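# A closer look at the structure
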Amino acid sequence: MTSTKLQAPRGTSDVLPEDAERRRQLGGRSAELLGRAGYRPVETPVLEDTELFARGVGESTDIVQKEMFTFEDKGGRSLTLRPEGTAGVCRAYVEHGMHKLPQPVKLWYSGPFFRHEAPQAGRYRQFAQVGAEALGSNDPSIDAELILLLADLLAGAGVRGVRLRLSSLGNAATRRRYGAELRAYLGARESELSEQVRARIDQNPLRAFDSDDPGTRAAMEDAPRLLDRLEPDDAEHFAAVRELLDGAGLAYELDPTLVRGLDYYTRTVFEFESVELGAQRGVGGGGRYDGLVEEVGGPPTPGVGWAAGIERILLAAEPAVAAARWPARAYVVLAHADGRGEAFRLVRALRAAGAAAEMEQTGRSLKGQLRQAARTGATHAVIVGEALEVRDMDSGEQRPVAGVQEAVRAVIG
Ligand code: HAM
């Protein structure tokens, strides 16, 4: 009886070795780039109490309303697979008293996240993010530093066709006042709006700027803009962020209609897009969230950060030629039925000396073994037969060696 073949759940996929290697390289580059800027790694659980996201990300967001993988555990507690990382980092900051450390506390992370969205190219139900958060300072230089770090990360990864949209949302009171003004504007032009936007006038009027509906788009052209309503200190903060970005020579588009899908943002918001990506253009985004730490039970603490989608970075990046990681790669060929013990000692000695080494383990013919050596990209084949020999795979030159140590020297060079 044959069993049916099982598949990975919809919207998830296996990361096969070639892609996994690119992801690891990206992880290494992120650690280096962020480490140099004082960001230290942090890991938070994939499972969190559902309440964290309800409070942190916001009840009115699509994420909380429609996209969370939420379930009850055996004790009847509601848990959620994390849809994003910022709320968890803020919870950890509070839980571990990090507000007592010298500020700002700069952290970075990478790992899996989960959103129950309709899967398509660049949009998955399990995806990976790399993210950075700086807590405990409202200095505009942190906003600018983080934006530049993400720009550097994307450039270093070879992401093509990048554009940066930037805006400021001001503070919560400004947004409330502006929300009322925008609702009144939308209410007056209700007949021109799409049904979806109309249904959300009360709950989330800002989403109207996001609509693809032509009637809504036309109606939004004259809508009041939040950027024109900022209070003086928020406007000053935004001007300082922009001055630092201008000084660093980073190009951006000021986009007063930029809305992000999470409720916690205050002041600076930004999004990097790549034209390579089609419908799911956002490669990475973030902003300031000066009320979030308090929202999850901590003292009033400013914060700012971003996250970027690892799958989207790699989709939009030049497939880089992987650099050789080992000085040499050997394949140990068994030309003699009793050679296994010696071959086994050889691969261990070669690996200990820093080379990549594998031995024959499936009983191929001599010719088959040499073909396999070439397929693995071996620079050398070490042949264990009546005598021990080392073959240079490029030139085909083959010479005898006296023992394991000489074979290792011949391979490493
Ligand atoms: P976000 O914009 O929701 O922000 O997600 C950040 C990035 O994650 C997106 O730009 C995208 O590349 C990737 N992403 C999101 N959803 C999916 C998906 N379904 N499939 C593939 N990739 C996806 C946040 O998550 C915030 N926590 C960012 C932040 C950090 N803000 C402040 N600090």
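A quick note: this is a predicted structure, and the numbers were derived from the prediction, not measured. (Residues numbered from 1 in each chain as written. Predicted model: local features only at pLDDT ≥ 70, side-chain atom pairs only at ≥ 80, totals over all residues. Heavy atoms only, no water.)

Turning next to the overall build of the chain. If you tally the helices and strands in the chain, you get 14 helices and 16 strands. Taking 2.2 N^0.38 as the reference for a compact globule, 413 residues should give roughly 22 Å; the C-alpha atoms of the chain span a radius of gyration of 28 Å, well beyond that estimate. Along the longest, intermediate and shortest principal axes, the C-alpha atoms of the chain span 90 × 60 × 45 Å. Scored against the burial criterion, the 413 residues of the chain give a buried share of 47%. Considering only residue pairs separated by 6 or more positions, the chain has 69% of its internal contacts joining residues 24 or more positions apart. (Helix = DSSP H or I, 4+ residues; strand = E, 2+ residues; numbered from the N terminus. Rg over C-alpha atoms; globule rule 2.2 N^0.38 Å. Buried < 20%, exposed > 50% of the residue type's maximum accessible area, 1.4 Å probe, protein only. Contact = heavy atoms within 4.5 Å.)

Attention now goes to the packing of aromatic side chains. Scanning the model with the defined rule gives 5 aromatic pairs in all. Where Tyr264 meets Tyr265, the ring centres are 4.8 Å apart and the plane angle is 65°; that geometry is what we call edge-to-face. Its relative accessible area of 8% is what places Tyr264 among the buried residues. What links up through ring pairs into an aromatic cluster is the set Tyr109, Phe113 and Phe127. Above the plane of the ring of Phe113 lies Arg82, whose end atom (NZ or CZ) is 4.1 Å from the centre. (Phe/Tyr/Trp six-rings, centres within 6.5 Å; stacked < 30°, edge-to-face > 60°. Lys NZ or Arg CZ within 6 Å of the ring centre and 35° of its normal.)

Here we take up the packing of helix H12 (residues 340-352) against helix H14 (residues 404-412). Where H12 meets H14, the axes come as close as 10 Å, and the angle between the chain directions of the two elements is 45°. With respect to their mutual orientation, H12 and H14 come out oblique. As for the relative orientation of H12 and H14, their crossing is right-handed in sense. Touching Leu346, Ala349 and Leu350 of H12 are Val404, Ala407, Val408 and Val411, all from H14. When the residues that make up the contact of H12 with H14 are grouped by side-chain class, the tally is 7 nonpolar, no polar and no charged. (Axes fitted to C-alpha atoms, helices over the stretch in contact; angles between N-to-C directions. Parallel < 35°, antiparallel > 145°, perpendicular 65-115°, else oblique. Left-handed = near helix turned anticlockwise from the far one by under 90°. Nonpolar A, V, L, I, M, F, W, Y, C, P; charged D, E, K, R; others polar.)

As a further point, take helix H5 (residues 140-156). The end-to-end C-alpha separation of H5 is 24 Å, in line with the 24 Å expected for 17 residues at 1.5 Å each. Within H5, the full set of buried residues consists of Pro140, Ile142, Asp143, Ala144, Leu146, Ile147, Leu149, Leu150, Ala151, Leu153 and Leu154. Where H5 terminates, the next one or two residues include Gly158, which has phi positive at roughly 80°. (Expected span 1.5 Å × (residues − 1).)

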